[in-house]
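Descriptive analysis of the structure
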Amino acid sequence: MPNAAAPATEGPDRSEAPAHVAIIMDGNGRWAAARGLPRAEGHRRGVEALRRVVRASHELGIRYLTIFSFSSENWSRPASEIGDLFGLLRRFIRNDLASLHRDGVKVRIIGEREGLEGDICALLNEAEELTRDNTRLTLVVAFNYGSRQEIAKAARKLAREVADGKRDPDTIDADALGAHLDAPDIPDPDLIIRTSGEQRLSNFLMWQAAYSELVFVPVHWPDFDKAALESAIAEFARRERRFGGLVAKSAS
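Keep in mind it's a predicted model, so treat the numbers as computed, not measured.

All right, on to the overall build of the protein chain then. The helix and strand tally for the protein chain stands at 7 helices and 6 strands. Listing every helix and strand of the protein chain by position from the N terminus yields β-α-α-β-α-β-α-β-α-α-β-β-α. Residues classed as buried in the protein chain amount to 47% of the 252 residues present. In the protein chain, of all internal contacts separated by at least 6 residues, the share reaching a separation of at least 24 is 79%. Summed over all atoms, the accessible surface of the protein chain reaches about 13000 Å², with 50% contributed by carbon and sulfur.

Below you can see the structure in the form of structure tokens.
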């Protein structure tokens, strides 16, 4: 059953489709296991689901789509599976980047790049550089990403500014810390979807999710499609979002 996030003190009008949807793409391995297939096939089908959702986001008027593609905790998985995941990333960028660019998609990457293989870093940089001027949809890829690590990194930046005499500690507030996150220019997600039935954020956008609506769906990610996205958006639209105040009463 979907749960709502805590109300915000203020916020934009959410009467229409959410401007920013973030998705925790969970369940590739369980989808494969249920069919007697290797986990790599589940990940491959997950890439197909991503293509469907990017197209659906175009059609539904979503402006920002953030996907959790590789967590900083995923390094604990078997080396063979990590190799499969990185191979899929390489193929996705090489095979899909041209069509994403043609469709007006801007690609942004959040997460740590230090320590990644050189060709992976080059592909990530290429995707951002090629699409930097596109405006139809911003696809934010959280790769080698962990929210606690992102917040800690922002805190270190602020600490260095204080140590260098460039900032008064009393000026550090929520806005200052938020401005030092990986993509401070991108609005916080209105809606966060997690597939496969799990009901937690798993270190994903914890700062940005403070006032997001959360929808958890039982569908494994490889089966997620436009209809499932529309259903989650419909759930979002049914929520009464007070933002710390009262729901406005109708004129009647």
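With that settled, the discussion passes to the nonpolar core. Residues Ile23, Leu65, Phe143, Ile193, Phe224 and Leu229 are the most contacted members of the largest nonpolar core, which totals 46 residues. Beyond its immediate chain neighbours, meaning those up to four positions away, phenylalanine 224 contacts Ile23, Ala49, Arg52, Val53, Ile193, Thr195, Val217, Val219 and Leu229. One finds Phe68, Ala183, Ile186 and Phe204 within the second-largest nonpolar core, a separate group that totals 15 residues.

Summed over all chains, the structure comprises 24 salt bridges. Across the salt bridge formed by glutamate 81 and arginine 77, the nearest N and O atoms sit 3.0 Å from each other. For arginine 77, a relative accessible area of 30% translates into the label partly exposed. One salt bridge in this structure joins arginine 239 and glutamate 235, with 2.7 Å as the shortest N-O distance. Residue classification places arginine 239 among the buried positions, given a relative accessible area of 14%.

This paragraph deals with the environment of alanine 159. Relative to the helices and strands, alanine 159 resides in helix H5 (residues 147-163). Placed 13 residues apart in sequence, alanine 159 and isoleucine 172 show a C-alpha to C-alpha distance of 9.6 Å.

Attention now moves to unusual backbone geometry. Even without being a glycine, asparagine 144 presents a positive backbone phi close to 50°. Take asparagine 144: it is sitting in strand S4 (residues 137-145). You can call asparagine 144 buried: its relative accessible area is 7%. Look at leucine 205: it is not a glycine, yet its phi comes out positive at around 50°. Checked against the element boundaries, leucine 205 lands in the loop between strand S5 (191-194) and strand S6 (213-216).

Rules used in this analysis
Residues numbered from 1 in each chain as written. Predicted model: local features only at pLDDT ≥ 70, side-chain atom pairs only at ≥ 80, totals over all residues. Heavy atoms only, no water. Helix = DSSP H or I, 4+ residues; strand = E, 2+ residues; numbered from the N terminus. Buried < 20%, exposed > 50% of the residue type's maximum accessible area, 1.4 Å probe, protein only. Contact = heavy atoms within 4.5 Å. Areas by Shrake-Rupley, 256 points an atom, 1.4 Å probe, with all protein chains shown as cover. Core = buried A, V, L, I, M, F, W, Y, C linked by side-chain atoms within 4.5 Å. Salt bridge = Lys/Arg side-chain N within 4 Å of Asp/Glu carboxyl O.

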